[in-house]
Amino acid sequence: MYYLKRTFARINLNNLIYNARSYQSALPNGTQLMCVVKANAYGHGVKAVTKCLQNDLGVKWFGVSNIDEAVELRENGISGEILILGCTPPSQADRLIKYNIIQACLDLDYAEALDKAASGKVRVHIKLDTGMSRIGILCDDTSSAVCEAKKIYELDNLSVEGVFTHLCAADSEKADNISFTDLQIKKIKSVCAALKAQGCDPGVCHWLNSAGGIYTKSDGSALARLGIILYGLYPNHSIAVPVKMKPVMELISTVSMVKTVKKGSDIGYGRTFTANGDMRIATVAAGYADGFPRLLSNKGEVLINGRRCRIVGNVCMDQFMADVTGLDVKPGDSVTLIGQSGSAEITADDIADLCHTIGYEITCGITKRVPRVILKDGKEIGVE
Ligand SMILES: *Cc1c(COP(=O)(O)O)cnc(C)c1O
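Reference entry: report on the structure contained in this document.

What counts, and where the lines are drawn
- Residues numbered from 1 in each chain as written.
- Predicted model: local features only at pLDDT ≥ 70, side-chain atom pairs only at ≥ 80, totals over all residues.
- Heavy atoms only, no water.
- Axes fitted to C-alpha atoms, helices over the stretch in contact; angles between N-to-C directions.
- Helix = DSSP H or I, 4+ residues; strand = E, 2+ residues; numbered from the N terminus.
- Parallel < 35°, antiparallel > 145°, perpendicular 65-115°, else oblique.
- Left-handed = near helix turned anticlockwise from the far one by under 90°.
- Contact = heavy atoms within 4.5 Å.
- Nonpolar A, V, L, I, M, F, W, Y, C, P; charged D, E, K, R; others polar.
- Near = heavy atom within 4 Å.
- Polar contact = N/O pair within 3.5 Å; in protein donor to acceptor, adjacent residues only side chain to side chain.
- Areas by Shrake-Rupley, 256 points an atom, 1.4 Å probe, with all protein chains shown as cover.
- Buried < 20%, exposed > 50% of the residue type's maximum accessible area, 1.4 Å probe, protein only.
- Pairing = 2+ DSSP bridges.
- Disulfide = S-S within 2.5 Å.

**Details of the packing of helix H7 (residues 142-153) against helix H8 (residues 175-197)**
Link 1 in the chain: Interhelical geometry of H7 versus H8 gives an angle of 55° and a closest axis separation of 10 Å. For the element pair H7 / H8, the angle class is oblique. The two elements H7 and H8 meet at a crossing, and its hand is right-handed. Residues Thr142, Ala145, Val146, Ala149, Lys150 and Tyr153 of H7 form the contact with H8, whose participating residues are Ser190, Val191, Ala194 and Leu195.
Link 2 in the chain: Classifying every residue of the contact of H7 with H8 gives seven nonpolar, two polar and one charged.

Here you go:
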């Protein structure tokens, strides 16, 4: 299969399957997986990822961020349930119906607009805001939340099939955050119980995300909306995860040129690095336009032939330089930006730490021009 072996991501489907199984085994019985594949499956290539989850694991639920992502799944043969976790403009109501997609219902105003715009039944899960202050019906007061939710059940063109909320601090060990998470769960449970008591079937009630599913001992969530752990990364890099996981993405580039520079030579834009002796410098064919963060300038490392090499100078748009002094490195050698080489490893979470962000942003940030090479059982089975 042709792809330019300049900079590319390798997506290991066996690791994806491993992570999903590993996570599922840590969940209480009765909690099913919803695989969250928004943002091109966190940058991993949504077509191959969803096909694998559906065909090899029998995953029945998928979560996306918007209707275009949802339609893309349908057009690629995903037949399970698809829930849009964010807002869809009410003008798109009939498209939701046409593609049989479930929409998060933000609040009563949104429900009424959707109801008015639709020419048939739109399937929804009511979103509750139990403390994140993002989308959803505010649940500071259970009875007013129930009152608002009940009015949604009365709308002719909406079919309420579920109720859900999002935990915003489940990836923390702080006592204050743990009790906050408990309170969020308590709130959704009491809203669902009250709806049921008042004759409104809450249907599929769910509140777990990756962190919630492993850190809270919470029974009763019909679904765990599994995102980051599916891809083998940490919800919070500083807190161990009690399930085994393997990173799904590797990011590989190549050495384009190697040269010796004299002591005192400057390297890269802005001359931010000066050689304090004669050095061997390798130029690598990746840059911030590939999603390799410029914040790694003079800070990050890459792996070449199993050895750690520091990045010297500023990362450019399409290239950067690495110190290979004393190493046997030549043009065409493979460079691991994310992944393992020999016994050394750099993860997206390691890069995120250096950039003061989270692994999510690193993999989502790998840009379109980077081919996703799909690997299964050690074989390349496709390129996205
Ligand atoms: C993105 C998202 C998830 C997945 O979160 P992870 O931390 O990646 O597991 C779950 N639920 C909602 C509503 C989301 O927006």
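**Section: the site of the ligand**
Link 1 in the chain: Residues in close proximity to the ligand include Val36, Lys38, Tyr42, Leu85, Arg134, His166, Asn209, Ser210, Arg225, Gly227, Ile228 and Tyr360, which together make up its full environment.
Link 2 in the chain: Between the ligand and the protein, one listed contact pairs an oxygen atom with a side-chain N or O atom of Tyr42 at 2.6 Å.
Link 3 in the chain: Within the backbone of Gly227, an N or O atom sits 3.0 Å from an oxygen atom of the ligand.
Link 4 in the chain: In isolation the ligand has 390 Å² of accessible area, and contact with the protein removes 92% of it.
Link 5 in the chain: When the residues that make up the shell around the ligand are grouped by side-chain class, the tally is five nonpolar, four polar and three charged.

**Re the pairing of strand S18 (residues 320-323)**
Link 1 in the chain: Neither face of S18 is left uncovered, since the one carrying Phe320 and Ala322 and the one carrying Met321 and Asp323 both have all their residues buried.
Link 2 in the chain: Pairing between strand S15 (residues 279-284) and S18: four bridges, direction antiparallel. Note on S18: the bridge partner recorded for Ile281 is Asp323.
Link 3 in the chain: Where strand S17 (residues 307-312) and S18 come together, two bridges link them in antiparallel fashion. Note that in S18 the partner of Val312 across the bridge is Met321.

**Considering the state of the cysteines**
Link 1 in the chain: Under the criterion given, the structure shown has zero disulfides.
Link 2 in the chain: Free of any disulfide, Cys87 has its nearest cysteine sulfur in Cys105, 10.0 Å distant.

**Some remarks on unusual backbone geometry**
Link 1 in the chain: Positive phi values are uncommon outside glycine, yet Ala41 reaches one of about 55°.
Link 2 in the chain: Given a relative accessible area of 0%, Ala41 falls into the buried group.
Link 3 in the chain: For Asn305, which is not glycine, the phi torsion reads 50° and is therefore positive.
Link 4 in the chain: If you trace the backbone, Asn305 turns up in the loop between strand S16 (301-304) and S17.
Link 5 in the chain: Take Asn305: its relative accessible area is 48%, and that puts it in the partly exposed class.

**A short note on helix H4 (residues 67-75)**
Link 1 in the chain: Taken as a whole, H4 has its buried residues at Ile67, Glu69, Ala70, Val71, Leu73 and Arg74.
Link 2 in the chain: Lining the buried residues of H4 we find helix H2 (38-43), helix H3 (46-57), strand S3 (61-64), strand S4 (81-84) and helix H5 (93-98).
Link 3 in the chain: Between the side-chain oxygen at the start of H4 and the backbone nitrogen of Asp68 there is a gap of 2.9 Å, and the oxygen is on Asn66.
Link 4 in the chain: Where H4 ends, the next residue or the one after it, Gly77, has phi of about 85°, a positive value.

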